[in-house]
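# Observations on the model geometry
These are the residues of each chain, in order.
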Amino acid sequence: MSKPNHGPSSAASPQAASDLEGSSVAEAARGRAWPRRMGRAARRGLRSGALALAVIWASGALLHCSLFPRPLAWLLAAVYLAAAGWVWGARRRGRLGRHRAGGLWAGSLVLVFLLLQLIVPSNQRNWVDGQQRLPWVQRDQQRMTLHAVRHCEYRTADDYTVRYDGLQFDRRQLESVWLVVHYFSAFEGLAHTFVSFGYRDDDRQQRYFSISAEVRREVGESFSPVQGMYRRFELMLVVGDERDLIGSRTILRPSDRVYLYRIAASAEQVQVLFDRFAQRMDQLRRRPEFYHTLTNNCTNTIVRQTYSLTPDRINWLDPRIVMPGYSPRLAFQLGLIAKTREGESFEGLQRRARIDPLARELGFGRDFSRQIRRNWQSHDAAGGVGR
């Protein structure tokens, strides 16, 4: 009787099964490890990105710090970048531990931040023409007197006479508020926004005045969005005639675009909104503040005052607030902007709201405010927007 044939394949079968099982376990382990590796890589990328932004911010703060002469500021910024680069390289090569490198970066950022706090805002500087006086409101029950209302008489953009007057009205005569958006750049996100209030004077004539949050510049200064992040400019509210604040941005700037939107608000809401702006004027007179390009700009100021008009909470990180040029679309979405037609899209409303061609046609006439509202007046007469 012959013995069974146990060939090589039969002898290797247990080993092959073991190898196959081990291979499956390894593949499963690699499959589980892949998300962990990706997660670690993502965390490293986020840390590196945040650190790079912090270093850029700190070097920019040194470069634009008003405490130092310009050559010294350049030198300090260059030294800071070189030192940050050395720490980064030493950490990558293992010459510095993670905690020690992190301590050096954190300590340097804190020092730069504390250095900026030495720069304090002031209302006592050599201001440019048209920004010397801060407006304020005097109250006598319902009677309001607006002081330092500006109305520049323009001959050209650089040749004008600055005049200030007082403006009196009964608070209960306030009945409308308007959003003005001025685009001055090819980049749509860059714009200046401000508001205009409408009221009936004692003769029942419609009048308007504008309130604009602006950079308050010293003689010789020019605005820079980058410098605006480093405590370089004070913030002010300018109260002025529409021929000044709107006319100068339309008639004298042929390449700019300006839009005028009516805010959907009742007369009572308009009056409360004016009270909030009046309080803001008083705050800035008593305690000056720095302008900030991202967190304390023209649109932030308006949104803070109009917050109660929106039923939904506002996301302060929304790019349409950070970038003022996108704010009209956000206001339309929130129902802040009154529609001229039922079911009208934002694009259709935007075409109606553009006023700069009309303003250039009109010039600085006394009927300026009424004429730039032609598209809205026809709708008001039809009952589309409450007067």
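Remember, it's a predicted structure, so these values are computed and weren't measured experimentally.

What counts, and at which threshold
- Residues numbered from 1 in each chain as written.
- Predicted model: local features only at pLDDT ≥ 70, side-chain atom pairs only at ≥ 80, totals over all residues.
- Heavy atoms only, no water.
- Helix = DSSP H or I, 4+ residues; strand = E, 2+ residues; numbered from the N terminus.
- Buried < 20%, exposed > 50% of the residue type's maximum accessible area, 1.4 Å probe, protein only.
- Contact = heavy atoms within 4.5 Å.
- Areas by Shrake-Rupley, 256 points an atom, 1.4 Å probe, with all protein chains shown as cover.
- Pairing = 2+ DSSP bridges.
- Phe/Tyr/Trp six-rings, centres within 6.5 Å; stacked < 30°, edge-to-face > 60°.
- Axes fitted to C-alpha atoms, helices over the stretch in contact; angles between N-to-C directions.
- Parallel < 35°, antiparallel > 145°, perpendicular 65-115°, else oblique.
- Left-handed = near helix turned anticlockwise from the far one by under 90°.
- Nonpolar A, V, L, I, M, F, W, Y, C, P; charged D, E, K, R; others polar.
- Core = buried A, V, L, I, M, F, W, Y, C linked by side-chain atoms within 4.5 Å.
- Salt bridge = Lys/Arg side-chain N within 4 Å of Asp/Glu carboxyl O.
- Patch = residues over 30% accessible without salt bridge, like charges linked within 9 Å, V, L, I, M, F, W, Y side chains within 5 Å.
- Lys, Arg positive; Asp, Glu negative; His and termini not counted.
- Charge placed at Lys NZ, Arg CZ, Asp CG, Glu CD.
- pLDDT = per-residue confidence, 0-100.

What follows is about the overall build of the chain. Along the backbone of the chain there are 13 helices and 10 strands. Within the span of the chain, comprising 387 residues, buried residues form 44% of the whole. At a minimum sequence separation of 6, the contacts of the chain that also span at least 24 residues come to 65%. Total accessible area on the chain stands at roughly 21400 Å², and carbon and sulfur atoms take up 54% of it.

Summarising burial for strand β7 (residues 191-200): 10 of the 10 residues are buried, a large majority. Burial along β7 is two-sided: the residues A191, T193, V195, F197 and Y199 and H192, F194, S196, G198 and R200 are all buried. Bridge count for β7 against strand β8 (residues 206-216) is 6 bridges, and the pairing is antiparallel. In the sheet register, V195 faces β8, and the bridge partner there is I211. Count of turn residues in the β7/β8 antiparallel hairpin: 5 residues, of which R204 carries a positive phi of about 65°.

Bringing the packing of aromatic side chains into the picture now. One pass over the structure, following the stated rule, counts 21 aromatic pairs. For the pair F187 and Y326, a centre-to-centre distance of 6.4 Å together with 85° between the ring planes defines the contact as edge-to-face. Within this pair, whereas F187 is found in the loop between β6 (174-183) and β7, its partner Y326 is found in the loop between α8 (319-322) and α9 (327-333), the two being separated by 139 residues in sequence. When its relative accessible area of 31% is taken as the criterion, Y326 is described as partly exposed. The interplanar angle of 80° and the centroid separation of 6.1 Å between the aromatic rings of F209 and F274 together place this pair among those described as edge-to-face. Note that F209 is positioned in strand β8 and F274 in helix α6 (residues 267-286), a separation of 65 residues in sequence.

Across the 7 residues of strand β9 (residues 234-240), 7 count as buried, placing the element largely inside the fold. Of the two faces of β9, the one carrying E234, M236, V238 and G240 and the one carrying L235, L237 and V239 are both buried. Both β8 and β9 contribute to a ladder of 7 bridges, which runs antiparallel. Looking across to β9, one finds that E214 is bridged to M236.

Contact geometry of α6 with helix α7 (residues 298-306) gives a least axis separation of 9 Å together with a crossing angle of 130°. When the interaxial angle is binned, α6 and α7 end up oblique. Considering only the axes of α6 and α7, their crossing is right-handed. Contacts from L273, R276, F277 and R280 in α6 reach I302, R304, Q305 and T306 in α7. For the contact of α6 with α7, the per-class residue count stands at 3 nonpolar, 2 polar and 3 charged.

This part covers the packing of helix α2 (residues 70-92) against helix α3 (residues 98-117). The N-to-C vectors of α2 and α3 enclose an angle of 165°; their axes lie 9 Å apart at closest approach. Put simply, α2 runs roughly antiparallel to α3. You can see that α2 and α3 cross each other, and the crossing is left-handed. For the pair α2 and α3, the contacting residues are Y80, A84, V87, W88 and R91 in the first and R98, A101, L104, W105, S108, L109 and V112 in the second.

This part takes up the nonpolar core. Nonpolar side chains in soluble globular proteins tend to end up buried together. Core analysis: the biggest nonpolar cluster contains 60 residues, and L146, F169, F197, F209, I211, Y261 and F274 have the highest contact counts within it. When residues no more than four places from it in sequence are discounted, the contact partners of F169 are Q142, R143, M144, L146, L174, Y199, F209 and F274. Judged by nonpolar contacts, the second largest core, of 20 residues, contains L51, V55, Y80 and F290.

Turning to the pattern of salt bridges, a few remarks are in order. For the coordinates displayed, the defined rule picks out 23 salt bridges. A salt bridge links E234 to R125; the shortest N-O distance between them is 2.9 Å. Taken together, the positions of E234 in strand β9 and R125 in the loop between α3 and β1 (136-140) put the pair 109 residues apart, joining distant regions of the chain. The exposure class of E234 is buried, given its relative accessible area of 2%. Measuring nitrogen to oxygen at the nearest pair gives 2.9 Å for the salt bridge that ties R352 to E344.

Quick look at a positive patch on the surface now. Taken together, R36, R37, R40, R43, R44, R47, R91, R92 and R98 make up a surface patch of like positive charges. Contributions of two or more residues to the positive patch are made by α1 (8-63) and α2. For the positive patch, the element with the highest residue contribution is α1, accounting for 6 residues. Secondary-structure assignment places R98 in helix α3.

Here the focus is the side chain of D275. Within the fold, D275 resides in helix α6. For D275, a relative accessible area of 15% translates into the label buried. If near-sequence neighbours (up to four positions away) are discounted, D275 is found in contact with R139, M144 and R171.

Another point: the confidence of the model for the chain. The predicted coordinates of low-pLDDT regions are not to be read in fine detail. Looking at the chain as a whole, its pLDDT mean stands at 85, while 84% of the residues score no less than 70. When mean pLDDT is taken per element in the chain, β9 scores highest with 97 and helix α13 (residues 374-381) scores lowest with 64. This stretch, residues 7-11, has a pLDDT under 50; its non-local contacts, to residues over four places away or in other chains, come to 0 contacts. Note on residues 381-387: pLDDT is under 50 here. Beyond four places in sequence and across chains, it has 12 contacts.

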